[in-house]
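What follows is the residue order along each chain.
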Amino acid sequence: MGSSIPVVICDDSRLARRQMARALTPWSVDITETTNGLEALEAIRAGKGELLFLDLNMPLMDGYEVLSRIRSNDLPTLTIVVSGDIQPEARERVMQQGALDFIRKPIDLQQLSQTLKSFGLLEALNQSEPPPPPSPEETQPSPAEQTDTQTALALRDSYQELSNVAMGEAANLLAKLLDTFIELPIPRIQLVEPCELEATLAQAFQADSLTTVCQGFIAPGISGEALLTMSTRNADNLAQLLNHDGKLTEQVERELVMDIANVLIGAFLNGLGTQLDLRFSQGSPLMLRKENLAQTECCHGSRQTTLSIDIGYRIEGQEINCDLLLLFTEDSLAKLNELVRHL
């Protein structure tokens, strides 16, 4: 009977790390969890990571830099990237930097097994008798052990991971539309009080010459608004990416922004809904200017706490940023939290 294989799971999301750890329960592994690339490299140097499952979007050091360090320092590990960034170029880039394979989030057990088997890792892991899967009591703290702060942090972490996956799907469609690579951020998740909402909108959309598309959305027990904002100072570059050859009028600029909004808002809500087993319906989009942001339904007369998801997409090689802000009403939080807890 062989010994357990040391495995490092590197992801800034606690939910993602737990999902990956549970997926590995059929095999005998000794798991070390890390929250960023620096911690992962340290664990590998300490002999804790013959096999590395690596996320791409992380603070301090992202997955691309980790792969570069592994190669330049000739570190003894085999890397499988697990990411919500499903752009074909993202996969191509990590493979060029030495990754064995790319697995999309949320983790698929069949794909994981096929990947391990194709590289001869499945047999190695099966040399030992696998440990029994953890019981719910072992994996989740009891209500008495969970403080309100811990619960809030766990929910925020879950929303961030859900947003990571949905963000990646939206970026993939935008990359195909523009035939370019989309740089992804770490989503910003926060609860916004009514008095802070206008300030949050102003902070999210700081640039001049902004054009914003506002679109309401609903699902059973959930409602909110999505705002997609772009700077029209870069309209010429955007028109070129979208293969527009005619005169660039103000109306054309608005239509170009609307095209981007339709892709990002629709794809993000679809990706989020798929994970939560929800189907979002979207209202008619409305064009706004920066000075009209305070007139949106979510801001005008709001007396409720709002869950906000803020994502700043960046088109590589272009001075074009797409800021997507989703605002959920306070009435939606109970339903959303219920769905997230099932994850």
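In this text, all values refer to a predicted model and were calculated from it rather than measured experimentally. (Residues numbered from 1 in each chain as written. Predicted model: local features only at pLDDT ≥ 70, side-chain atom pairs only at ≥ 80, totals over all residues. Heavy atoms only, no water.)

Novice: Help me understand the overall build of the protein, please; the structure alone is not making it clear to me.
Specialist: Along the protein, the regular secondary structure elements total twelve helices and 13 strands. A buried classification covers 51% of the 343 residues belonging to the protein. Within the protein, counting contacts between residues at least 6 apart in sequence, those at least 24 apart form 71% of the total. As displayed, the protein offers around 16,600 Å² of accessible surface, 47% of which is attributable to carbon and sulfur atoms. (Helix = DSSP H or I, 4+ residues; strand = E, 2+ residues; numbered from the N terminus. Buried < 20%, exposed > 50% of the residue type's maximum accessible area, 1.4 Å probe, protein only. Contact = heavy atoms within 4.5 Å. Areas by Shrake-Rupley, 256 points an atom, 1.4 Å probe, with all protein chains shown as cover.)

Novice: Explain the environment of Ser-163 to me, please; I cannot follow it from the model alone.
Specialist: Residue placement: Ser-163 occurs in helix 8 (residues 148–178). For Ser-163, a relative accessible area of 0% corresponds to the buried category. With 105 residues separating them along the chain, Ser-163 and Phe-268 place their C-alpha atoms 8.0 Å apart. If sequence neighbours within four positions are ignored, Ser-163 has contacts with Pro-187, Ile-189, Phe-268 and Ile-309.

Novice: I would appreciate a short explanation of a negative patch on the surface in the present structure.
Specialist: Side chains of Glu-193, Glu-196, Glu-330 and Asp-331 sit close together on the surface and give a patch of like negative charge. Tracing the backbone shows Glu-196 in helix 9 (residues 194–204). (Patch = residues over 30% accessible without salt bridge, like charges linked within 9 Å, V, L, I, M, F, W, Y side chains within 5 Å. Salt bridge = Lys/Arg side-chain N within 4 Å of Asp/Glu carboxyl O. Lys, Arg positive; Asp, Glu negative; His and termini not counted. Charge placed at Lys NZ, Arg CZ, Asp CG, Glu CD.)

Novice: I'm lost on the confidence of the model for the protein in this one. Help?
Specialist: In regions of low pLDDT, the predicted coordinates are not meant to be interpreted in detail. On average, residues of the protein score 85 in pLDDT, and 82% of them reach the 70 mark or higher. Confidence drops under a pLDDT of 50 for residues 133–139, and excluding neighbours within four residues, the segment shows five contacts in the predicted structure. Contacts of residues 141–145 to residues separated by more than four positions or lying in other chains number two contacts, the stretch itself having pLDDT below 50. (pLDDT = per-residue confidence, 0-100.)

Novice: Help me understand the sheet that holds strand 5 (residues 101–104) in this model?
Specialist: Think of a sheet as strands paired side by side through backbone hydrogen bonds, with each pair either parallel or antiparallel. A sheet is described by the order of its strands in space; here five strands give the open sequence 2-1-3-4-5, paired in parallel fashion. In this open sheet, the two strands that pair with only one neighbour each are strand 2 (29–34) and strand 5. Mean inter-strand twist for the sheet, computed between neighbouring axes without regard to direction, equals 20 degrees. As defined by bridge partners, strand 1 (residues 5–10) adjoins strand 2 across six bridges and the pair is classed as parallel. Residue Ile-5 lies in a different strand from strand 2, and its bridge partner there is Val-29. Strands in contact with helix 3 (residues 63–72) are strand 3 (51–54) and strand 4 (78–83); relative to strand 3, the strand with the most contacts, it is inclined by about 155 degrees. (Pairing = 2+ DSSP bridges. Axes fitted to C-alpha atoms, helices over the stretch in contact; angles between N-to-C directions.)

Novice: What exactly am I supposed to notice about the pattern of salt bridges here?
Specialist: Once their charged atoms are close, side chains differing in charge can pair, the charge on each being opposite to the other. Tallying each qualifying case throughout the model produces eleven salt bridges. The partner of Arg-17 in a salt bridge is Glu-33, and the shortest N-O contact between them spans 3.0 Å. Taken together, the residues Arg-17 in helix 1 (residues 14–23) and Glu-33 in strand 2 connect sequence positions 16 residues apart. According to the relative accessible area criterion, Arg-17 is buried, its value standing at 9%. According to the relative accessible area criterion, Glu-33 is partly exposed, its value standing at 40%. Arg-69 is the partner of Glu-65 in a salt bridge, and the nearest nitrogen-oxygen pair spans 2.9 Å. Of this pair, Glu-65 and Arg-69 both sit in helix 3, four residues apart, which is roughly one turn of that helix. Overall, the relative accessible area of 32% leaves Glu-65 in the partly exposed class. Exposure remark for Arg-69: the relative accessible area of 31% places this residue in the partly exposed category.

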